[in-house]
Amino acid sequence: MAVHSRHEEGGRGMRTTDSLRTTYGETLVELGKDNKDIVLLEADLGNSTMSKLFAAEYPDRYFQMGIAEQNMASVSAGLSLTGKVPFMNSFAVFASGRAYDQIRSSITIANLNVKICGSSAGLSDYGDGKTHQSIDDIALMQVLPHMTVLSPCDAVETEKMVKAMVEQKGPMYIRINRNDLPIVTNPDEEYHIGKMTQMVDGKDVVIFATGVMVQQSMEAAKILGKEGISARVVNVSTIKPLDTKALEAYAEGMKGVVTAEEHNVIGGLGSAVCSALSKKRVPIEILGVGDRFGTSAENYSILLKHYGLEAEDVAKKVRSVLAYK
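Since this is a predicted model, take the numbers as computed values, not measurements. (Residues numbered from 1 in each chain as written. Predicted model: local features only at pLDDT ≥ 70, side-chain atom pairs only at ≥ 80, totals over all residues. Heavy atoms only, no water.)

Caption draft 1: Here's a closer look at the environment of K195. With respect to the helices, strands and loops of the structure, K195 is situated in the loop between β6 (172-175) and β7 (197-200). Under the relative-accessibility criterion, K195 is labelled partly exposed at 48%. Spatially, the C-alpha atoms of K195 and A246 are 8.1 Å apart, while their sequence positions differ by 51 residues. (Helix = DSSP H or I, 4+ residues; strand = E, 2+ residues; numbered from the N terminus. Buried < 20%, exposed > 50% of the residue type's maximum accessible area, 1.4 Å probe, protein only.)

Shown next as structure tokens:
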């Protein structure tokens, strides 16, 4: 799979940035032109979540709720009952954790059409440290009935995902990386919520990755290829509902399975994959953040290295799973 430039000609809806955050905001501005039911709610972080782009275009459909995520979730539920399509925005740690009771009681129990953006997800808010980093949001959101959990790996996929979120009804959570990421998905491929995409083909082991770990896993496949190990890489951008049939098909005939995510090893993609493949006789290794909190650093790359989330770490997991007897 080639890395696609954001400045290439052609492709549908091509944006001008590698930023998932900016693409998120730009896409909602684009959709808001024709869909007057789209409204945005913000918890005092519009400059970071890029909901400010929507506010500039449609100030009458933008609600600044202040640092009150619980209230924001409740108001979002109310707006959805009037036929609006509310997108509530905050840092992922606050959008998922601080408002959890309201999301559970007011949104998912009633199965309302509320979209939740968890921005600066994972360790990507590298400067603010453990209080602002979310390595447990997938666990919190995927345990809720009716909730769809989405994790785009680049800006191209983010654009397609946001458009699909508007088309499909029901509560949804999307986790957005704070940093610019290389484009690895094909702008011309159709996107469907609930589907996973093969990025690299291989015959020895399959790596199921999500978010920034898709890029790291693709690099790992190159490293392993030089060693004679053929690794398949699959982008699992919909963590819930998990396409178990596709999961089993991609794992069929493989000597091992590795999962890779920027999330706690407990309750994330790895846990979901292990559950889905529990009846298969295949060794599985989970790569993620150990059972600990995040920390601050001078840049994002330092944290990926510190927590063992680089391409070579993925390669090590592959070697480990292939060593099983």
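That shown, we press on.
Caption draft 2: Fine view of the pairing of strand β8 (residues 205-209). For β8, the buried fraction is high: five of the five residues fall into the buried class. In β8, alternate side chains face the same way, and those of V205, I207 and A209 on one face and V206 and F208 on the other are all buried. Bridge analysis of β8 against strand β11 (residues 256-264) gives five bridges, and the strand direction is parallel. Bridged to A209 within β11 is A260. (Pairing = 2+ DSSP bridges.)

Caption draft 3: Seen up close, the packing of helix α1 (residues 20-34) against helix α8 (residues 155-167). Between α1 and α8, whose axes approach to 9 Å, the crossing angle comes to 35 degrees. Both α1 and α8 take part in a crossing whose hand is right-handed. Here α1 contributes L20, T23, Y24, T27, L28, E30 and L31 to the contact with α8, which in turn contributes A155, T158, E159, V162, K163 and V166. Looking at the contact of α1 with α8 residue by residue, the classes come out as seven nonpolar, three polar and three charged. (Axes fitted to C-alpha atoms, helices over the stretch in contact; angles between N-to-C directions. Left-handed = near helix turned anticlockwise from the far one by under 90°. Contact = heavy atoms within 4.5 Å. Nonpolar A, V, L, I, M, F, W, Y, C, P; charged D, E, K, R; others polar.)

Caption draft 4: Inspection of helix α11 (residues 269-276) at higher detail. Those residues of α11 lying buried are L269, G270, A272 and V273. Within α11, the buried residues cover an arc of 165 degrees as seen down the axis, which keeps them to one side. Those residues of α11 hidden inside the fold are in contact with α7 (137-142), β8, α10 (244-251), β11 and β12 (284-289). (Arc of directions from axis to C-beta.)

Caption draft 5: Representation of the sheet that holds β8. Pairing is mixed in the open sheet, where five strands are placed in the order β7-β9-β8-β11-β12. Edge positions in the sheet fall to β7 and β12, since each of these pairs with one other strand and no more. The mean angle between the axes of side-by-side strands here comes to 25 degrees, regardless of whether they run parallel or antiparallel. Bridge count between β8 and strand β9 (residues 231-235): five bridges; the pairing is parallel. Looking across to β9, one finds that A209 is bridged to N235. With respect to the sheet, α10 is in contact with β7, β8, β9 and β11, its orientation differing from that of β8 by roughly 145 degrees. Its contacts with the sheet put α11 on β8, β11 and β12, and the angle it makes with β11 is roughly 145 degrees.

Caption draft 6: Expanded view of the confidence of the model for the chain. In this model, the chain carries a mean pLDDT of 94, and residues with pLDDT of at least 70 account for 94%. Per-residue pLDDT stays below 50 along residues 1-13; that stretch engages in 34 contacts with residues further than four places along the chain or on separate chains. (pLDDT = per-residue confidence, 0-100.)

Caption draft 7: The packing of aromatic side chains, seen in detail. Tallied over the full model, the rule gives three aromatic pairs. One residue, R61, lies across the ring of Y58, its end atom 4.3 Å from the ring centre. (Phe/Tyr/Trp six-rings, centres within 6.5 Å; stacked < 30°, edge-to-face > 60°. Lys NZ or Arg CZ within 6 Å of the ring centre and 35° of its normal.)

Caption draft 8: Summary view of α1. An ideal rise of 1.5 Å per residue puts 21 Å on 15 residues; α1 measures up with 22 Å between its terminal C-alpha atoms. Counting buried residues in α1 gives 11 out of 15 residues, a clear majority hidden from the surface. Residues of α1 that are buried include every one of L20, R21, T22, T23, Y24, G25, T27, L28, V29, L31 and G32, and no others. Here α1 starts with a cap whose side-chain oxygen sits 3.3 Å from the backbone nitrogen of R21, and that cap is S19. (Expected span 1.5 Å × (residues − 1). Polar contact = N/O pair within 3.5 Å; in protein donor to acceptor, adjacent residues only side chain to side chain.)

Caption draft 9: Structural view of the nonpolar core. Core analysis: the biggest nonpolar cluster contains 60 residues, and I38 and F87 have the highest contact counts within it. Ranked by residue count, the leading element in this core is helix α9 (residues 213-225), at six residues. Setting aside chain neighbours within four positions, we find I38 in contact with L28, L31, G32, F54, R61, V85, F87 and V166. With 24 residues, the next largest nonpolar core counts V39, L79, A92 and A121 among its residues. (Core = buried A, V, L, I, M, F, W, Y, C linked by side-chain atoms within 4.5 Å.)

Caption draft 10: Representation of the sheet that holds strand β3 (residues 85-91) in the model. Read across the sheet, seven strands follow the order β2-β1-β3-β4-β6-β5-β10 without closing on themselves; strand pairing throughout is mixed. The open sheet terminates on both sides in strands that have one partner only, identified here as β2 (62-64) and β10 (238-240). With strand direction ignored, the average angle separating the axes of adjacent strands in the sheet is 20 degrees. Taken together, the five bridges between strand β1 (residues 38-42) and β3 define a ladder with parallel strand orientation.

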